[in-house]
Each structure stands twice: as structure tokens, then as C-alpha cells.
Amino acid sequence: MCLAIPGEIIEILPDRPELAKVDVSGVRRSINIGLLGDDSPVPGEWVLIHVGFALSKIDEQEAQAVLEFLEDIGNAYTDELEALQQSWIE
Amino acid sequence: MRFVDEYRDAEKARALSAKIADLCEPGRQYKFMEVCGGHTHTIYKHGLEDYLPENIELVHGPGCPVCVIPMGRIDDSIHIARQPGVLMTSFGDMMRVPGSNGSFFDSNAEGTNIRMVYSPLDSLKIARQNPDQQVVFMAIGFETTAPSTAMTLLRAEAEGLRNFSVFCNHVTIIPAIKAILDSPDLRLDGFLGPGHVSTVIGCRPYEFIARDYGKPLVVAGFEPLDLLQSIYMLMLQLTEGRCEVENQYRRVVPWDGNPVALRTINETMELRPYFEWRGLGFISHSATRLRERYADFDAERRFELPGIRVADPKACQCGEVLKGVLKPWECKVFGTACTPETPIGTCMVSPEGACAAYYNFGRFSRERVKEASRV
Ligand code: SF4
């Protein structure tokens, strides 16, 4: 749970502006973007996700670097992805 | 993937490592603590110590939230989970942490219902779906995670959920660093500051470390090159006689942190007078509890807790490991009685725990294990 993983914003849910659909290594789930305040992300932007919340926006370059790094650390990342897959935030 | 190489490229690592070596005063020993378990993980996964001159030693700090939860809080959680009609949720990493009578997994084998969730928000959904159950989220984590619990509380309040509460075990990093600075056991030359905690709290809260304790701190990212660069920045400060807080991870960490996250924590939580940390003992103002206003959502007020203090197992030396006094492989039970499959202490449970990181990746530390077992 300690990991923060990058995800790409796919859409902001129209009726729930505090939620966004993200894509994390092919896994698509909803996350909460409330902690970003007025600095809401738009589709195509990347965020660092921790336990279902966007912690901060990051640029794509950073996102790719972190993803590569996470894929490389193996288990901890796959466990986190699996956990995300079980998640159903609404 | 040029940008990936930018952070990872071994050439750069070697160049940095040469620059670091150049700054080392001959005959002087340097000890830097990496506060965050994520850093410990990177250091062992990538064998970063191989890139450092012999006179620089990295010491692991207390920054793994799973590792610092004392046995008593696990026992208290299980006590809550045993109450009739309770469904408890927690992060997957918590499931195997040993309490004095076993872990959450062991407890489930005896009939409790403790479920893993990815996000505290998943617990809200479980609460909505199970109106006849009391859903209790066992919350852990540093300032990285506390805002998520706080937002979840605000949401539960807005929805008027009556069957949801939080067993709050959030800890704060600054008092832990202060406890380490005040402990006579360890002489440190500087700190690698935690990356993700700092996205929330920013860099200012570390200023006292430079000002009052005369130790430099560099907030560091998680890539191997981030860490090497941060070590270089620490060495440069020492060489130039500076002592400051610097931010190597500027591409993610704003100097002032995340104001919304801080506000949300502050709205829902307040500091406890003290909290027990595994191995470190009681530290003042080092954890949060829910504010009075959220009493209805506070599992500690809703359920009577035995709150018994349980001493750590005798064989366990996690306290020394968390303070950086012992290396994991120096613990008597490391790799023998204590392994990730059969953890005795918490540092072996979470992948960010120093013992688990050593056990899983310790390439050359394995050698040391062999060495240690020979004597
Ligand atoms: S080897 Fe086990 S008991 Fe020893 S310090 Fe590590 S986690 Fe604790």
C-alpha cells in the first residue's frame, strides 16, 4: 500500500466531478481526485495514485519513468495492480 | 524510451558515484539515513550500495507504516473484529502483521471477517452494501495515506453513513525523525527525506533538522539515480559547510506540499498526546486520532478497546532495525526463524520493510548473512 503509482486520466465522471477514470498499465478504475483541489486534471494528464486518490499531477515523462521503475520492482507493483483491480470506488 | 534511460542509465550512476567518491574526505565515515521504506526497497533492489564508496553507509529509517504498528494495535483491531456484526477492512499489507495472538489472517481462520481493500473508499462501498454490519476501516499510514482516510470520512459524513467507522492508526513522520535525532544510539551525517510523504507535507517541516540539529536533509525520489543524486547533494552540503533542506524530487514534491490534503487531515484529525511505535516506544504527538466532531465515525469511541500494551517478542530486534542501529542481517532470527513467510517482526512483512527488502534482494547482503551465520 505504500506505493504511489502513475495513472493516465481517461475521463472525469460527468455526474461525479471528484471522481476520474484512470488507466494504470491497462487496468481501468475510478479514483478520487479531490485532493488536487482546483487543479483538476484533464483527460490525457497523469497523476500519482495512492490508495485510490490522486496525490499530485506529474508529467508524462515522469509517469513513464516511474512506471518502468515499478514494473521492474516486480511483485510489489503487481500486488498493487491486483489490489487496484479489486477496487470499485463509486 | 529515452526518458526512462534518463533516470536509470548505469553510465550516469557511475559518473555520480565517482563524483560522490571525490567528495569523501579520506578516513571519514559518513552515515545517511533513508527515512522511507520505499527508498530502502530501491537501495536493495538495485544494489545501490555497490555504487557508493566504502566510507558511506546508508542506514534504514522508520518510514514503513506497516513496520511501526505495535502489537497492541493489532490485538485491538482483532478485538474490534470479534464484536458481533463487525466487518473489518484494511490494506493487504496488514493481513500478515503478527499481533500477540496471530495476524488478521489467523484471526479470520477463527471466524472474524477482516477484508483487504485497496482504498478506504472501497470500505465505504462495503458499508453501503452491508447495512446490517458495522464496517470498520483499520487505517494505517503516514501523511501520504492520512488524507485518503480524511477524505473518506468527509464522504461518509456527507452520505450520513451510520455503519462506518475508522480505527485510526495514522502516524506522523516528523516526531519519529526527532526521536531518532534525540536518541543517543546513532550518529548521523544527514537524511534522505521521504518522497511521497513530502508531496503532502512539503519540505518546510524538515527545516528544524538543519536548523536545530545541524543535519542536512535532501528530499529524494525513488529512482536509483534520484537516490544517488540526493546522496551527492548531501555530500556537497557537507563539503561546502552548508546545512539545508533541499528538494531533489522537485518534479513531484512542491516545497509547500499539498494544501488541500493538509487541510483535509486537519479538519478531521488531531494529534494524539502520544502513540506507541513498534520498537521505538512511546513518541509524543506522533499519531493522529479523529476529532470530536467525527466521534460517530471513530471506532475507538464506538467499541471498547482493551488497549493493552504488548511487549514485542523477545527474539525480535525490529526496534533496533527501525532506528537504524542494527542492519537486518544482524538480527538473530533474520532469515532463520523470521522470513517473509513466517514473520516474527513487522519489518519482514511489508515489502518496504528493511528486513524484507534485504531478504528479497540483498545480493551482497546475502553474503553477509552467510558471513554472519559462520560466526
Ligand atoms: S529479522 Fe524479523 S524479528 Fe529481526 S528485526 Fe527483522 S523483522 Fe524484526
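The name recorded for chain B in an unreviewed UniProt entry is Hydrogenase expression/formation protein HypD, from Halopolyspora algeriensis. According to the UniProt record, the Sequence similarities (unreviewed entry) comment for chain B reads "Belongs to the HypD family."

For chain A, an unreviewed UniProt entry supplies the name Hydrogenase expression/formation protein HypC and the organism Halopolyspora algeriensis. Turning to chain A, the UniProt annotation filed under Sequence similarities (unreviewed entry) states: "Belongs to the HupF/HypC family."

Draft legend 1. Focus on the overall build of chain A. What chain A contains, in helices and strands, is two helices and five strands. From first element to last, N terminus to C terminus, chain A shows the α and β order β-β-β-β-β-α-α. Against the compact-globule benchmark of 12 Å for 90 residues, chain A has a radius of gyration of 12 Å, which places it among compact chains. C-alpha extents for chain A along the principal axes are approximately 35 × 30 × 20 Å. Surface accessibility of chain A: about 3,600 Å² in total, with carbon and sulfur atoms responsible for 44%. Charge separation in chain A, taken as the distance between the mean sites of 5 positive and 18 negative side-chain charges, equals 9 Å.

Draft legend 2. Region of the structure containing the environment of Met116 of chain B. Residue and element names in this part refer to chain B. Relative to the helices and strands, Met116 resides in strand S4 (residues 114–117). C-alpha separation for the pair Met116 and Glu143, spaced 27 residues apart in sequence, amounts to 21 Å. If near-sequence neighbours (up to four positions away) are discounted, Met116 is found in contact with Ser90, Gly92, Met95 and Phe105.

Draft legend 3. Quick look at the pairing of strand S7 (residues 190–193) of chain B. Residue and element names in this part refer to chain B. Residues of S7 alternate between two faces, with Gly190 and Leu192 on one and Phe191 and Gly193 on the opposite face, all of them buried. In terms of strand pairing, strand S1 (residues 30–36) meets S7 through three bridges, oriented parallel. Residue pairing in the sheet places Phe32 in a bridge with Gly190 of S7. Where S7 lies against strand S8 (residues 217–219), three bridges are found, and the strand directions are parallel. Bridge pairing in S8 places Phe191 opposite Leu217.

Draft legend 4. Structural context of the pattern of salt bridges. One pass over the full model with this rule turns up 27 salt bridges over all chains. The shortest N-O distance in the salt bridge between Arg272 of chain B and Glu300 of chain B comes to 2.7 Å. Linking Arg272 of chain B in the loop between strand S10 (269–271) and strand S11 (274–277) with Glu300 of chain B in helix H14 (residues 299–302), this pair joins segments that are 28 residues apart in sequence. You can call Glu300 of chain B partly exposed: its relative accessible area is 24%. A salt bridge links Arg301 of chain B to Asp298 of chain B, with the nearest nitrogen and oxygen atoms 3.0 Å apart. Overlapping salt bridges, with partners in common, bring together Arg16 and Glu18 of chain A together with Arg128, Arg155 and Glu159 of chain B in one network.

Draft legend 5. Geometry of the sheet that holds S4 of chain B. Residues and elements named next belong to chain B. With respect to topology, four strands assemble into an open sheet ordered S4-S3-S5-S6, the strand pairing being parallel. A single partner strand is all that each edge strand has here, and the edge strands are S4 and strand S6 (164–170). Direction aside, neighbouring strands of the sheet carry axes that sit 25 degrees apart on average. Pairing geometry for strand S3 (residues 86–91) and strand S5 (residues 134–141), over four bridges, is parallel. For Met88, the partnering residue across the bridge sits in S5 and is Val136. Seen against the sheet, helix H5 (residues 71–81) touches S3, S4, S5 and S6 and runs at an angle of roughly 175 degrees to S6. Packed on one face of the sheet, helix H8 (residues 146–159) meets S5 and S6 and runs near 160 degrees to S6.

Draft legend 6. Representation of the interface of chain B and chain A within the structure. Taken residue by residue, the interface counts 46 residues in chain B and 38 residues in chain A. The partner of Glu18 of chain A in a salt bridge is Arg155 of chain B, and the shortest N-O contact between them spans 3.3 Å. Linking chain B with chain A are nine residue pairs in polar contact (both at pLDDT 80 or more), by the criterion used here. Of all the secondary-structure elements, those providing two or more residues to the side of chain B that touches chain A are helix H1 (2–8), helix H3 (37–45), helix H4 (65–68), helix H7 (120–129), H8, helix H10 (195–201) and helix H13 (259–268) of chain B. Counting residues per element, the side of chain B that touches chain A draws most heavily on H1 of chain B, which supplies six residues. Each residue belonging to the side of chain B that touches chain A can be placed in one class, and the counts come to 22 nonpolar, twelve polar and twelve charged.

Draft legend 7. Geometry of the site of the ligand. Looking at the ligand, the residues that line it are Cys316, Gln317, Cys318, Val321, Cys331, Val333, Phe334, Cys338, Gly345, Cys347, Met348 and Cys355 of chain B. In the shell around the ligand, the residues fall into ten nonpolar, two polar and no charged.

Draft legend 8. Fine view of the nonpolar core. Judged by nonpolar contacts, the single largest core of 157 residues is most densely connected at Phe164 and Tyr206 of chain B. Not counting the four nearest positions on each side in its chain, Phe164 of chain B is found in contact with Ser123, Leu124, Ala127, Gln134, Val135, Phe137, Thr152, Ala156, Asp296, Phe297 and Arg302 of chain B.

Draft legend 9. Quick peek at the pairing of S6 of chain B. All names here are of chain B. Counting buried positions along S6 gives seven out of seven residues, so the element sits mostly inside the fold. Going residue by residue along S6, you find Phe164, Val166, Cys168 and His170 tucked away on one face and Ser165, Phe167 and Asn169 tucked away on the opposite face as well. Bridging between S5 and S6 involves seven bridges; their strand directions are parallel. Note that in S6 the partner of Val136 across the bridge is Ser165. Since S5 and S6 lie parallel, the crossover through H8 that links them has a hand, and here it is right-handed.

Draft legend 10. The packing of H7 of chain B against H8 of chain B, seen in detail. Residue and element names in this part refer to chain B. Relative orientation of the contacting elements H7 and H8 amounts to 25 degrees, with a least axis distance of 9 Å. Considering their axes alone, H7 and H8 lie roughly parallel with respect to each other. Here the hand of the crossing between H7 and H8 comes out right-handed. Residues Pro120, Leu121, Leu124 and Arg128 of H7 pack against Ser148, Thr149, Thr152, Arg155, Ala156 and Glu159 of H8.

Cut-off values and rules
Residues numbered from 1 in each chain as written. Chains lettered and ligands numbered in written order. Predicted model: local features only at pLDDT ≥ 70, side-chain atom pairs only at ≥ 80, totals over all residues. Heavy atoms only, no water. UniProt positions renumbered as here; feature names shortened; annotations may be inferred. Helix = DSSP H or I, 4+ residues; strand = E, 2+ residues; numbered from the N terminus. Rg over C-alpha atoms; globule rule 2.2 N^0.38 Å. Areas by Shrake-Rupley, 256 points an atom, 1.4 Å probe, with all protein chains shown as cover. Lys, Arg positive; Asp, Glu negative; His and termini not counted. Charge placed at Lys NZ, Arg CZ, Asp CG, Glu CD. Contact = heavy atoms within 4.5 Å. Buried < 20%, exposed > 50% of the residue type's maximum accessible area, 1.4 Å probe, protein only. Pairing = 2+ DSSP bridges. Salt bridge = Lys/Arg side-chain N within 4 Å of Asp/Glu carboxyl O. Axes fitted to C-alpha atoms, helices over the stretch in contact; angles between N-to-C directions. Polar contact = N/O pair within 3.5 Å; in protein donor to acceptor, adjacent residues only side chain to side chain. Nonpolar A, V, L, I, M, F, W, Y, C, P; charged D, E, K, R; others polar. Near = heavy atom within 4 Å. Core = buried A, V, L, I, M, F, W, Y, C linked by side-chain atoms within 4.5 Å. Right-handed = clockwise from strand over helix to strand, strands pointing away. Parallel < 35°, antiparallel > 145°, perpendicular 65-115°, else oblique. Left-handed = near helix turned anticlockwise from the far one by under 90°.

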